[in-house]
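Structure at a glance
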Amino acid sequence: MTQSKRKIVIVGGGITGLAAAYRAQEKINNEQLDADITIIEANHRLGGKIQTVVKDGFVIERGPDSFLERKKSMGRLIKDVGLDDKLVPNATGQAFILVNDKLHPMPGGAIMGIPTQIRPFLITDLISLTGKLRAAGDFVLPKSNHQQDQSLGTFFRRRLGNEVVENLIEPLLSGIYAGDIDQISLQSTFPQYGKLEQDHKSLIAGMKKTSPAAKRKPGDKKQSMFLTLSSGLESLVVKLETLLSDCEILKGTKVESISRGERYTLTLNSGAEIEADSVIFTVPHFTAGAVFSESGLMNQIEEVPATSVATVAMAFDQGDVEDILDGTGFVVSRNSDYTITACTWTHRKWPHTVPDGKVLLRCYVGRAGDETVVDLSDDQIEKIVIDDLNKIIKVKNTPEFTIVTRWKKAMPQYTVGHRERMADVRAGLEKSYPGVYLAGASYDGIGLPDCIDQGEAAAYKALNYIQQ
Ligand code: FAD
C-alpha cells in the first residue's frame, strides 16, 4: 500500500504562521518532498496583528509599524519575497519621555534607558542628583547571585535604582510589552542584560564594551534602528499569500480541538475534521490552552496574562497642531497622570506615510493594570487622547479622521519563570503529541522578527518529523 501524502497543518495565519508556511513550501519545492501544507485561519483575512490602512495618501499601521533591523529574519523574508525595494528606515530624531507634565529629551547614549554615556546623563533633569548617584552604584555593586529568573524590575532597580527605572527604563520597556516590569521575566525578554552583569559586574560598563550604539561618540549621527515597508507592513502579508500558491488556505475557520490517533485530527468550528501528520499552532496561548483543554497540557501557560491596548491614529492639517517639539515622539512614565502611554509623531518618524502639509499622531492607550480605557467607545477614547495631548501640545481642531484599533489580550506578559514553564509544556507536547509545535508571540518573543524565527524553526521541525 502506498502511503498518502504527508500533511502539515498550520493553525493561525499571522506572521508566524505565514513565515512557517512560506519556508515549509520553499523546502518542499526545493527538495521535491511529498508533503502538503494547509493554513487554518479564524479570521476572514490573513496577517493577524499586521493591518495597514491606506487612505487619502496616508499609510497607517493599526498594529505593528516597524521591526528592529538588527534581528535579521524579517529583512531576510522581505528580501526573499522580493519586497526589499520597499524597505524604509525610520527618520532619526530626538525621542522624549514625559515625566511630571514635561517632555524631557532622552539622554544621549541611553540604550533601553540604560545610561552608557556619562555627560548626557549628568546634565539631564530627568533624574535627580540622588538618582544619578544611586545609578552610579552600578559600578561598585556586586553582581547578583540570581541563578534563577528574576523580574526586569528587580534586576534594574538593584543595579540602577528606582528613579532611573521609573523615569527611563520602565516607560521604554512598557512601550514594548505594555506590561508591569515588576512581573516580566528578565530571562525571557532581555537575558543579555543578565549576562552582561555576570560577565562585567557592572551593567553600564558591560554595555559600553559590547554595544555598538554605546560606542558612538557624542555628535556622531544617530543611526536608524527600525525598518518598515513603504507600502505598509500588510503588503508583506499580501505578497506571502500570493506566493503560497501550493498551500491550501482556509479562512474564517477555527480549530477547536485536537485528538491523536494514527494521525492527528483537528476539529473545526463547523464540526468538520481535518487530518494532519504534524501541526504548528501559532495561535495565542489562551487559544492553544482551549484546543488542548482535555489533556491539560497547556495549564501552566494558559493563565499567562495578556494586556489589552488600543492604537489611536489621528490625522490633522499641519496648522491644527502647534508646539510639537522637534523629534519623533515620546513615551509616558507610569507616575504621570496620563492615559496615553506613548505617542509617535508619525509624520516625522515615518515621513513617507503622511502627505505634505499633514500631521499624523499615533498614540497608545492601555497597559497592565490600566486597560479599561480600551473598552470605551471610539469617541471617548479620542477625547481622552486629545485631552492628554493638549497638556503638552496645542491641538486646535478635531482630527480630519481618527482610526482607533483595539487589541484585546494582545500583548502576552512573559512573567518570571516563563522560560521554564515553556520548556515543561514543550516536553509534555513532545511526549503526548509528537510532531505538534507551538510558535509565535505568546511563546518565545513578541517582536515580528522573533515570531518569524519561531515560525521558520517550527516549519523545519515539522518537515523533519514527517520525514522520519
Ligand atoms: P497573531 O498575529 O496574533 O496571529 C495569530 C492568528 O491566529 C490570528 O490571525 C488569529 O486570527 C488566528 N487564530 C486565533 N485562534 C485561532 C483558531 N482557533 N483557529 C485558527 N486560527 C486562529 N512587533 C514589532 O516587531 N514591531 C512593532 O512595531 C510592534 N508593534 C505592535 C503594536 C501592537 C498594537 C501590537 C498588538 C503588537 C505589536 N508588535 C510589534 C508585536 C507583533 O505585532 C506581534 O507579536 C506579532 O504580529 C504576532 O504574530 P503571530 O503570528 O504570532 O500572532
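Residues numbered from 1 in each chain as written. Predicted model: local features only at pLDDT ≥ 70, side-chain atom pairs only at ≥ 80, totals over all residues. Heavy atoms only, no water.

The cut-off we apply is this: UniProt positions are given in the numbering used here, feature names are shortened, and annotations may be inferred rather than shown by experiment.
Taking an unreviewed UniProt entry as the reference, the protein is identified by name as Coproporphyrinogen III oxidase belonging to Jeotgalibacillus haloalkalitolerans. Under the heading Function (unreviewed entry), UniProt records this for the protein: "Involved in coproporphyrin-dependent heme b biosynthesis. Catalyzes the oxidation of coproporphyrinogen III to coproporphyrin III." Quoted straight from UniProt, the Subcellular location (unreviewed entry) entry for the protein says "Cytoplasm".

**Things to note about the state of the cysteines**
We count it as follows: Only a pair of cysteine sulfur atoms within 2.5 Å qualifies as a disulfide here. The cut-offs for exposure are 20% and 50% of the maximum accessible area for each residue type, with area from a 1.4 Å probe on protein chains only; residues under the lower value are buried, those over the upper are exposed, and the others partly exposed.
Enumeration over the complete set of coordinates arrives at 0 disulfides. Sulfur of Cys247: no disulfide; nearest cysteine sulfur belongs to Cys451 and is 19 Å away. Here Cys343 is not disulfide-linked; the sulfur of Cys363 is the nearest cysteine sulfur, at 3.5 Å. Taking relative accessible area as the criterion, Cys343 reaches 2% and is therefore assigned buried.

**Topic: the pattern of salt bridges**
Inclusion rule: Salt bridge, as used here, is a side-chain nitrogen of Lys or Arg placed within 4 Å of a carboxyl oxygen of Asp or Glu.
For the coordinates displayed, the defined rule picks out 33 salt bridges. In this structure, Asp85 and Lys86 form a salt bridge, with 3.8 Å as the shortest nitrogen-oxygen distance. The class of Asp85 is exposed, set by a relative accessible area of 61%. Through salt bridges with shared partners, one network takes in Arg23, Glu26, Arg76, Asp80 and Glu456.

**Points about unusual backbone geometry**
Filter applied, for reference: The numbering of helices and of strands both runs from the N terminus, where a helix is a DSSP run of H or I of at least 4 residues and a strand a run of E of at least 2.
One non-glycine residue, Met112, lies in positive phi territory at about 55°. Following the sequence through the fold, Met112 ends up in the loop between strand E8 (102-105) and helix H3 (118-123). The class of Met112 is partly exposed, set by a relative accessible area of 25%.

**Focus: the site of the ligand**
Note the cut-off: We call a residue near a molecule or strand when any one of its heavy atoms sits within 4 Å of it. Under the rule applied, a polar contact is a pair of N or O atoms within 3.5 Å (in protein, one hydrogen donor and one hydrogen acceptor; residues adjacent in sequence only if both atoms are side-chain atoms). Note on areas: these come from Shrake-Rupley sampling with a 1.4 Å probe, and a residue is covered only by the protein chains present in the view. Gly counts as polar in this scheme, as do all residues outside two lists: the nonpolar Ala, Val, Leu, Ile, Met, Phe, Trp, Tyr, Cys and Pro, and the charged Asp, Glu, Lys and Arg.
Neighbouring the ligand are 34 residues, the closest being Thr16, Glu41, Lys49, Ser66 and Ile446. Within the backbone of Val255, a nitrogen or oxygen atom sits 3.1 Å from a nitrogen atom of the ligand. Here an oxygen atom of the ligand and a backbone polar atom of Ile446 are 2.5 Å apart. Computed on the free molecule, the ligand has an accessible area of 1,000 Å², of which 88% lies beneath the protein chains in the complex. For the shell around the ligand, the elements supplying multiple residues, two or more each, are helix H1 (15-30), strand E21 (401-412) and helix H16 (448-467). Broken down by class, the residue content of the shell around the ligand amounts to 16 nonpolar, 14 polar and 4 charged.

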